[in-house]
Amino acid sequence: MSVGLRRLRAVGVLLALAATALTGCADDFGHVRLTIAAGNEGGVYHKLSTALAEAWTRSPGVAPPEVEKTSGSVDNLRLLRTDEAQVGFSAADAADLERGDTGHRVFALARMHDDYLQLLVRADLPVTELAQLEGLRVSLGAPDSGVQVIARRLLAEAGMTDRLKVQSLGLQPSVDAIRNGTLDAFFWSGGVPTDAVTDLATTVRMRMLDLSDTLPALRERFPVYGTATLPASAYRLDGDPAGNLLDGGPVVTLVVRNFLLVNDTVPDDVVEALLRGLFQAQPALVSASPVARSIEVRSAIETTPVPLHPGAMRYYRDVKV
């Protein structure tokens, strides 16, 4: 065999190996199976989970993740610890509350968006502050939800724990109960505006309560929370600058950070690839929910009290946060 022919064959082998390597890289994550613990259908967690599942199927090319409807943060954490889900959303306070040694360890991928506690009451009731809810029918949120953690803490701080007719309803059941007259008020923690609240306020006059009297003591006990002022225009009709949907003026309320989490079954290289896919997919996430506009690399590392996954730390070092 001539030297030239041997050289041509060698080049052919190298090209074949290169093509195989490239094909292998493209298919590296095709074997990865993920379930995302996604919260209430129609809520921000669920909308972002659905968008992420579609994005991650494209890049890094994992098998289409299953989006699991759940009650919220506490339920999501339970699923992560039992490995019934490998990815999930949680509010920071619930994640702090649920830290422990049982089951799989939970790590953070990223800080995502902030939620606002919204205590909504029928505007035809003479209620303008928390104490005036005494004796009324109030939903604290679904069982195993993050909003119920906040609501119970807030009521305990205000000395109101046993002074309400408590129900445990998710967002949409709370909205339906307000409409049919079987509920007076409900707690919700989510982005502003939340579609279900907007829809409700177009048919039933609602008011959001100011919580400034109770928040300082609550934050001293639980530093994981912040505060914010929501303007009267937080809920309004599209295109109508004067069309505020809620009665009253601006309100001071509680803010809680939200994290995207994984459990310890997810390898470092998969975590890195999921994070790359997440930030590449931000336009799609914003289309799913406007709260995704706040997702950015520099603030994504702020996940205290939940430690970042080792693969996430490697990703953030590589992008030089």
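Quantities reported herein were computed from a predicted structural model and do not represent experimental measurements.

Here is what the cut-offs are and how they apply
Residues numbered from 1 in each chain as written. Predicted model: local features only at pLDDT ≥ 70, side-chain atom pairs only at ≥ 80, totals over all residues. Heavy atoms only, no water. Helix = DSSP H or I, 4+ residues; strand = E, 2+ residues; numbered from the N terminus. Contact = heavy atoms within 4.5 Å. pLDDT = per-residue confidence, 0-100. Buried < 20%, exposed > 50% of the residue type's maximum accessible area, 1.4 Å probe, protein only. Pairing = 2+ DSSP bridges. Polar contact = N/O pair within 3.5 Å; in protein donor to acceptor, adjacent residues only side chain to side chain. Axes fitted to C-alpha atoms, helices over the stretch in contact; angles between N-to-C directions. Parallel < 35°, antiparallel > 145°, perpendicular 65-115°, else oblique. Left-handed = near helix turned anticlockwise from the far one by under 90°. Nonpolar A, V, L, I, M, F, W, Y, C, P; charged D, E, K, R; others polar. Arc of directions from axis to C-beta. Expected span 1.5 Å × (residues − 1).

A. Summary view of the environment of Val138. Residue placement: Val138 occurs in strand 5 (residues 137-139). The sequence separation of Val138 and Leu169 amounts to 31 residues, and the corresponding C-alpha distance is 9.3 Å. Look past the residues within four positions of Val138 in its chain and what remains in contact with it is Leu133, Leu164, Lys165, Val166, Gln167, Leu183, Ala185, Phe186 and Phe187.

B. Summary view of the confidence of the model for the protein. Within the protein, residue pLDDT values average 89, and 88% of them lie at 70 or more. Here residues 1-26 is modelled with pLDDT under 50, and outside its nearest four sequence neighbours on either side it reaches 2 contacts, counting other chains as well.

C. Looking closely at the environment of Arg293. With respect to the element layout, Arg293 can be found in the loop between helix 10 (282-288) and helix 11 (297-300). Of the residues examined, Arg293 reaches a relative accessible area of 62% and is grouped as exposed. Spatially, the C-alpha atom of Arg293 lies 8.3 Å from that of His113, the residues being 180 residues apart in sequence. Look past the residues within four positions of Arg293 in its chain and what remains in contact with it is Gln282 and Val286.

D. View of the pairing of strand 7 (residues 185-190). Most of strand 7 is tucked away, with 6 of its 6 residues classed as buried. Along strand 7, one buried face is formed by Ala185, Phe187 and Ser189 and the opposite face, lined by Phe186, Trp188 and Gly190, is buried too. In this sheet, strand 7 lies alongside strand 4 (residues 106-122) in antiparallel orientation, the contact comprising 6 bridges. Looking at the pairing, Leu120 lines up with Phe186 of strand 7. Pairing between strand 5 and strand 7: 2 bridges, direction parallel. Looking at the pairing, Val138 lines up with Ala185 of strand 7.

E. Geometry of unusual backbone geometry. Residues Ser59 and Pro60 are joined by a peptide bond in cis, for which omega reads 20 degrees. With respect to the helices, strands and loops of the structure, Pro60 is situated in the loop between helix 2 (44-58) and strand 2 (66-68). Here the bond from Thr304 into Pro305 is cis, since omega is 15 degrees, no more than 30 degrees from zero. You will see that Asp83, though not glycine, has its phi angle at about 65 degrees, which is positive. With respect to the helices and strands, Asp83 occurs in the loop between helix 3 (73-81) and strand 3 (87-91). Residue classification places Asp83 among the partly exposed residues on the basis of a relative accessible area of 29%. Even without glycine at this site, Asp144 takes up a positive phi of about 65 degrees.

F. Geometry of the side chain of Asp184. Residue position: Asp184 is located in the loop between helix 6 (171-180) and strand 7. There is a polar contact of 2.8 Å between the side chain of Asp184 and the backbone nitrogen of Arg137. Ignoring anything within four residues of it in the chain, the contact list for Asp184 reads Leu120, Val121, Arg122, Leu125, Leu136, Arg137 and Ile178.

G. Representation of the packing of helix 9 (residues 268-280) against helix 12 (residues 310-318) within the structure. Direction vectors running N to C along helix 9 and helix 12 enclose 50 degrees, while the axes themselves pass 7 Å from each other. Between helix 9 and helix 12, the angle is such that the two are oblique. Remark: the crossing between helix 9 and helix 12 carries right-handed chirality. From helix 9, Asp268, Asp269, Val271, Glu272, Leu275, Arg276 and Phe279 reach across to helix 12, where they touch Pro310, Gly311, Ala312, Arg314, Tyr315, Tyr316 and Asp318. When grouped by side-chain class, the residues that make up the contact of helix 9 with helix 12 number 7 nonpolar, 1 polar and 6 charged.

H. Up close: helix 12. Buried within helix 12 we find Gly311, Ala312, Tyr315 and Tyr316. Relative to the axis of helix 12, the buried residues are bounded by an arc of 135 degrees and lie together on one face. Across helix 12 from its buried face, at more than 90 degrees, point the exposed residues Arg317 and Asp318. Phi turns positive, to about 55 degrees, at Lys320, one or two residues after helix 12.

I. Geometry of helix 9. For helix 9, with 13 residues, the first-to-last C-alpha span of 19 Å sits near the 18 Å given by 1.5 Å per residue. Here helix 9 has its buried residues at Val270, Val271, Glu272, Ala273, Leu274, Leu275, Gly277, Leu278 and Phe279. Against helix 2, strand 4, strand 11 (251-263), helix 10, helix 11 and helix 12 lie the buried residues of helix 9.

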